[in-house]
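What the coordinates show
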Amino acid sequence: MVLPIVRYGNPILRAKGSPIEKITPQIERLIADMLETMHAVRGVGLAAPQVGHALQLTVVDVTGVTDRPSTLFVEGKPAEIEAFMPLVLINPHVKPVGELVKGPEGCLSFPEIYADIMRPEAAEVKAQNAKGGAISFRCSGLLSRAVQHEIDHLNGILFIDRMEMETRRELKAELEALQAETKAARPQQR
Ligand code: ZN
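The sections below set out a description of the structure shown in this document. (Residues numbered from 1 in each chain as written. Predicted model: local features only at pLDDT ≥ 70, side-chain atom pairs only at ≥ 80, totals over all residues. Heavy atoms only, no water.)

1. Some details on the overall build of the protein chain
Filter applied, for reference: Helix and strand assignments come from DSSP, with helices taken as H or I runs of at least 4 residues and strands as E runs of at least 2, each series counted from the N terminus. Every radius of gyration here is taken over C-alpha atoms, with the globule rule written as 2.2 Å times N^0.38, N being the number of residues.
What the protein chain contains, in helices and strands, is five helices and seven strands. The order of helices and strands in the protein chain, counted from the N terminus, is α-β-β-β-β-α-β-β-β-α-α-α. Here the protein chain has a C-alpha radius of gyration of 16 Å; the compact-globule value for 190 residues is 16 Å, and the two agree. Its C-alpha atoms put the protein chain at 50 × 40 × 25 Å along the principal axes.

As structure tokens, this is what we get:
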């Protein structure tokens, strides 16, 4: 089932996701729905808070993007990215590594808003997969950027928090309009 995506202005995007203790049938259903939703909207990643669940769960798939390369090392060995996608990350921990690099980002919770964001070039990730098995990998390029962006969501951090002041100032009116629109659409909560 394709799920509605929560937009900026909804407080759940600022919540810290709770760890997932057990992969219940409900969690399995949520993972399947998140994958379906991400693919339906051609997103590179989707985090559980973006579909209304403050949980440590995110999905990523960079296979649709051909002009922004990624590298992947699983257990220290180079691995094929396509074979590793879509990626389901449960209770992930990320250690960003390397130099800060600038790259374009968008977010499904911020329709039509794009900006260059500085992030460390690579990331080391430890998480559980959809079956609860431990996975660990190192990535760079688009995959690293996507994984860092999505794991930020699980901690209530949004890409606007990492924008340069100047960019944020330029987008101020658009961001306020989006926030107001989201709040107006949820009159039951202030
Ligand atoms: Zn996002």
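Anyway, onward from the coordinates.
2. Structural notes on the coordination of the zinc ion
Under the convention used in this document: For Na, K and Ca the donor cutoff is 3.2 Å, while for all other metals N, O and S atoms count as donors only within 2.8 Å; water does not appear among the atoms, so some sites may look incomplete. When a residue's accessible area, from a 1.4 Å probe over protein chains only, is under 20% of the maximum for its type it is buried; when over 50% it is exposed; and in between it is partly exposed.
Looking at the zinc ion, one finds its protein donor set to be Cys 107 (SG), His 149 (NE2) and His 153 (NE2), positioned 2.1 to 2.2 Å from the metal centre. Note on His 153: relative accessible area 1%, which makes it buried.

3. Re the pairing of strand β6 (residues 110–128)
Put simply, the rule is: If DSSP finds at least two bridges between two strands, the strands pair.
Where strand β5 (residues 87–107) and β6 come together, 14 bridges link them in antiparallel fashion. Residue pairing in the sheet places Gly 106 in a bridge with Tyr 114 of β6. Taken together, β5 and the strand that follows it, β6, pair antiparallel across an intervening segment of two residues. With seven bridges connecting them, β6 and strand β7 (residues 134–141) associate as antiparallel partners. Each residue of the ladder has a partner; that of Ala 122, found in β7, is Ser 140. Hairpin connection of β6 to β7: five residues between the antiparallel strands, including Gly 132 at a positive phi of 90 degrees.

4. Re the nonpolar core
Operational definition: To define a nonpolar core, start from buried Ala, Val, Leu, Ile, Met, Phe, Trp, Tyr and Cys residues and group those joined through side-chain atoms within 4.5 Å. Between two residues, a contact is recorded if the distance between any of their heavy atoms is within 4.5 Å.
By size, the foremost hydrophobic cluster in this structure holds 19 residues, and its most contacted members are Val 62, Leu 87, Leu 89, Phe 137, Leu 143 and Val 147. For this core, the secondary-structure elements that each account for two or more residues are α2 (81–84), β5, β6, β7 and α3 (142–154). Take this core: its biggest share by element is five residues, from α3. When residues no more than four places from it in sequence are discounted, the contact partners of Leu 143 are Val 60, Val 62, Ser 70, Thr 71, Leu 72, Met 85 and Leu 87.

5. Notes on the sheet that holds β6
Quick note on the threshold: Structural elements are reduced to axes, namely lines fitted to C-alpha atoms, with helices fitted over the stretch in contact, and the angle between N-to-C directions of any two is expressed from 0 to 180 degrees.
If you trace the seven strands from one edge of the open sheet to the other, you get β1-β2-β5-β6-β7-β3-β4, paired in antiparallel fashion. Strands at the two margins of the open sheet, each flanked by one partner only, are β1 (45–47) and β4 (77–78). By the bridge criterion, three bridges tie β1 to strand β2 (residues 57–60) in an arrangement that is antiparallel. Bridging across to β2, Leu 46 finds its partner in Val 59. Along the sheet face, α3 touches β1, β2, β3 (70–74), β5, β6 and β7 and points at about 120 degrees away from the line of β5.

6. Considering the packing of aromatic side chains
How we decide: When the centres of two rings from Phe, Tyr and Trp lie within 6.5 Å, Trp using its six-membered ring, the rings pair. Their planes under 30 degrees apart give stacked, over 60 give edge-to-face, and anything left gives tilted.
Counted according to the given criterion, the structure contains three aromatic pairs. With a centroid separation of 5.1 Å and an interplanar angle of 65 degrees, the aromatic rings of Phe 110 and Phe 159 are classed as edge-to-face. Of the two residues, Phe 110 is situated in strand β6 and Phe 159 in the loop between α3 and α4 (165–170); the sequence distance between them amounts to 49 residues. Neither residue differs from the other here; Phe 110 and Phe 159 are each classed as buried. Clustering of aromatic rings is evident, with ring pairs tying together Tyr 8, Phe 110 and Phe 159.

7. Some thoughts on the pairing of β2
Consecutive side chains of a regular strand alternate in pointing toward one face of the sheet and then the other. Side-chain alternation along β2 places Leu 57 and Val 59 on one buried face and Thr 58 and Val 60 on a second face that is also buried. Looking at chain direction, β2 and β5 are connected through four bridges and run antiparallel. Bridge assignment links Thr 58 to a residue of β5, and that residue is Leu 89.

8. Let's talk about the environment of Thr 182
With respect to the helices, strands and loops of the structure, Thr 182 is situated in helix α5 (residues 172–184). Exposure remark for Thr 182: the relative accessible area of 9% places this residue in the buried category. With 155 residues separating them along the chain, Thr 182 and Ile 27 place their C-alpha atoms 27 Å apart. What Thr 182 contacts, discounting residues up to four positions off in sequence, is Arg 7, Tyr 8, Gly 9 and Asn 10.

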